[in-house]
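# Working through the structure, step by step
Residues per chain, in single letters:
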Number of protein chains: 2
Amino acid sequence: MTADPQHLLAALRARRSLGPRGLADPAPPPEVLQQAAELALRAPDHLALRPVRFVHVGRDERTALGELFARVALDQGRDAEGVAIARERALTGPTLLAVVARIRDDVPDVPPHEQWLTVGAAVMNLLHALHLQGYGAKVLGGSPARHEIVRRAFCHAGEQLACWVIAGTAAGDPLPPATERPPRDLLTDWTPPAD
Amino acid sequence: MTADPQHLLAALRARRSLGPRGLADPAPPPEVLQQAAELALRAPDHLALRPVRFVHVGRDERTALGELFARVALDQGRDAEGVAIARERALTGPTLLAVVARIRDDVPDVPPHEQWLTVGAAVMNLLHALHLQGYGAKVLGGSPARHEIVRRAFCHAGEQLACWVIAGTAAGDPLPPATERPPRDLLTDWTPPAD
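Everything in this summary refers to the structure shown in the same document. (Residues numbered from 1 in each chain as written. Chains lettered and ligands numbered in written order. Predicted model: local features only at pLDDT ≥ 70, side-chain atom pairs only at ≥ 80, totals over all residues. Heavy atoms only, no water.)

### Looking at the overall build of chain A
Convention followed: Comment: elements are numbered from the N terminus, with helices defined as DSSP H or I runs of at least four residues and strands as E runs of at least two. Buried means the residue's accessible area, taken with a 1.4 Å probe over protein chains only, is under 20% of the maximum for its type, while exposed means over 50%, and partly exposed covers the values in between.
Across its full length, chain A carries six helices and six strands. Its helices and strands in sequence order give chain A the pattern α-β-α-β-α-α-β-α-β-α-β-β, from N to C terminus. Projecting the C-alpha coordinates of chain A onto the three principal axes gives extents of approximately 60 × 45 × 35 Å. Per-residue burial for chain A yields a buried fraction of 50% across its 195 residues.

In structure tokens, the structure reads:
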């Protein structure tokens, strides 16, 4: 590397998740999302299975997504208030991406957990690319992502919705840097077993 | 960000996996490994479950690891040559880290696949931190990592060995940058279902 590595590391270290209340307009433009998705593709991917892709939910499609979330809430037996809250969730974040995973169980050399590692690494790269270009983001899970109604609306056969990513511009003052001490067992030296 | 974001992105994009033949001494020193592990900790981690830790296999412990690999190969019915090859594998790479995952199935808000995303994101950060400090690395899988003999030698109850990471100094000329075009479905716009 020609640049100061500590500077680059500090830039990555400064990233933190920004939730719905920490994100405002403007949303990252299409070229920033494309660059982020392309960095995601640079994650380690044994046998190039490409287990991940991203689906962008545009502003005009948020209402339709809200109706899907409302159907999920109804199906889960929520009351009127719960359904309304579920519908609102679709409006969260200036940008909303669905992370779609295709985890194959017919590749002996790359078991499912290794494919999930690739999906997670890809999402990490996506977040870094957004962060480095000045945008905040957060990974969101939640049970609607795993409901068949939502799965069918985003995934082909053999795929599942791994998580959501919301993104936008950091609203308000930046958060103070995390100063938490690393856990003591984060990196240890191996001792061979006695037997 | 104060630095040029395209410069930072290019630095991340330039990372590529370097396998055993692409890695030479010197190995990354302890402080570089520690920084890399600490950046790994900055991966998104819903409810702070901390599903990942790293175990460094020192030079002096490679022989003992080779004996474990040989026992696995014997258990898997390999012949003498296969056992010898398995034993040799423990000597791969100037630095060898085991990535240990603890995936809980008792956290309804964070299903196992989301914990795997965190492990994958953590490994991605580890690789970036090594890369930015001038070291090459590669994720390695393989069936011995999943064998009970190896699991017991690295993991506590409820943990599993997710993968290995080898690291060192890039040997020989750097590889040309990847120029592959991204797949067309990498980032698409959502169309709500018709029904």
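Still to come is the rest of the account.
### Notes on the interface of chain B and chain A
Stated formally: Any two residues having at least one pair of non-hydrogen atoms within 4.5 Å are treated as being in contact. Buried area is calculated as the accessible area (1.4 Å probe) missing from two parts once they are joined, with the contributions of both summed. By definition, a salt bridge exists where a carboxyl oxygen of Asp or Glu is found within 4 Å of a side-chain nitrogen of Lys or Arg.
Opposite the 73 residues of chain B that make contact, chain A presents 74 residues. Between chain B and chain A, roughly 6600 Å² of surface is buried when both sides are summed, and carbon and sulfur atoms account for 64% of that area. At the junction of chain B with chain A, the criterion picks out two salt bridges. Of the charged contacts in the structure, one is a salt bridge between B:Glu114 and A:Arg146, with a shortest N-O distance of 3.8 Å.

### Things to note about the side chain of A:His128
Position of A:His128 relative to the elements: it lies in helix 5 (residues 112-132). Assessed through its relative accessible area of 1%, A:His128 is described here as buried. Every residue in contact with A:His128, bar those within four places of it in the chain, is listed here: A:Leu12, A:Arg15, B:Leu12, B:Asn125 and B:His128.

### Focus on the pairing of strand 2 (residues 52-57) of chain B
For clarity, the threshold we go by: A pair of strands is considered paired only if DSSP assigns at least 2 bridges between the two.
Along strand 2 of chain B, six of the six residues are buried, which leaves the element largely enclosed by surrounding structure. Both faces of strand 2 of chain B are covered, namely the face carrying B:Val52, B:Phe54 and B:His56 and the face carrying B:Arg53, B:Val55 and B:Val57. Bridging between strand 6 (residues 187-189) of chain A and strand 2 of chain B involves three bridges; their strand directions are parallel. Counted as the bridge partner of A:Leu187 is B:Phe54 from strand 2 of chain B. The pairing of strand 2 of chain B with strand 3 (residues 95-101) of chain B spans six bridges and is classified as antiparallel. Across the sheet, B:Val55 pairs through a bridge with B:Ala98, a residue of strand 3 of chain B.

### Digging into the relation of the copies chain B and chain A
Test applied: Least-squares fitting of one copy onto the other uses the C-alpha atoms of those residues that reach a pLDDT of at least 70 in both copies.
Mapping chain B onto chain A is achieved by rotating through 180° and translating by 0.0 Å along the same axis, at an RMSD of 0.0 Å. Each copy turns onto its partner about a two-fold axis. Of all interface residues in chain B, 100% are interface residues in chain A too; the two copies therefore contact each other through one and the same surface.

### Points about helix 4 (residues 80-89) of chain A
Residues and elements named next belong to chain A. This is how it is decided: Directions drawn from the helix axis to the C-beta atoms are what define this arc.
By the burial criterion, the buried members of helix 4 are Gly82, Val83 and Ala86. Along the long axis of helix 4, the arc covered by the buried residues comes to 100°, so they all point the same way. Exposed residues pointing more than 90 degrees away from the buried face of helix 4 are listed as Ala80, Glu81 and Glu88. Along its buried surface, helix 4 packs onto helix 3 (62-75).

### Comments concerning the pairing of strand 3 of chain B
Residues and elements named next belong to chain B. Along strand 3, seven of the seven residues are buried, which leaves the element largely enclosed by surrounding structure. As judged from the seven bridges shared by strand 3 and strand 5 (residues 160-170), these two strands associate in the antiparallel manner. Among the inter-strand pairings, Ala101 is bridged to a residue of strand 5, identified as Gln160.

### Here we look at the state of the cysteines
All names here are of chain A. Heads up, the rule is: The criterion for a disulfide is a pair of cysteine sulfur atoms lying within 2.5 Å.
Taken as a whole and judged by the stated rule, the model has zero disulfides over all chains. Counting only cysteine sulfurs, Cys155 is the nearest neighbor of Cys163, a cysteine outside any disulfide, at a range of 11 Å. Looking at Cys163, the relative accessible area reads 1%, which means it is buried.

### Concerning the packing of aromatic side chains
In plain terms, the rule: When two rings of Phe, Tyr or Trp (its six-membered ring) have centres within 6.5 Å they constitute a pair, described as stacked for plane angles under 30 degrees, edge-to-face for angles over 60, and tilted for the intermediate range.
Evaluation of the coordinates by the stated rule reveals six aromatic pairs over all chains. Summarising the aromatic geometry, the rings of A:Phe154 and A:Trp164 are spaced 5.4 Å apart at their centres and angled 85° between planes, so their arrangement reads as edge-to-face. Separated by ten residues along the polypeptide, A:Phe154 in helix 6 (residues 148-154) and A:Trp164 in strand 5 (residues 160-170) bring together distant segments of the chain. Take A:Phe154 and A:Trp164: they sit in the same class, and that class is buried. Aromatic rings pair up to connect A:Phe69, A:Phe154, A:Trp164 and B:Trp190 into one cluster.

### Quick notes on helix 3 of chain A
Residue and element names in this part refer to chain A. This is how it is decided: In a helix, the anticipated span is given by 1.5 Å times the number of residues less one.
With 14 residues, helix 3 extends 20 Å between its outermost C-alpha atoms, agreeing within 8% with the 20 Å of an ideal straight helix rising 1.5 Å per residue. Inspection of helix 3 places Arg62, Leu65, Gly66, Leu68, Phe69, Ala70, Val72 and Ala73 among the buried residues, and these make up the whole buried set. Where the residues of helix 3 are buried, they touch strand 2 (52-57), helix 4, strand 3 (95-101), helix 6 and strand 5. Where helix 3 ends, the next residue or the one after it, Gly77, has phi of about 80°, a positive value.

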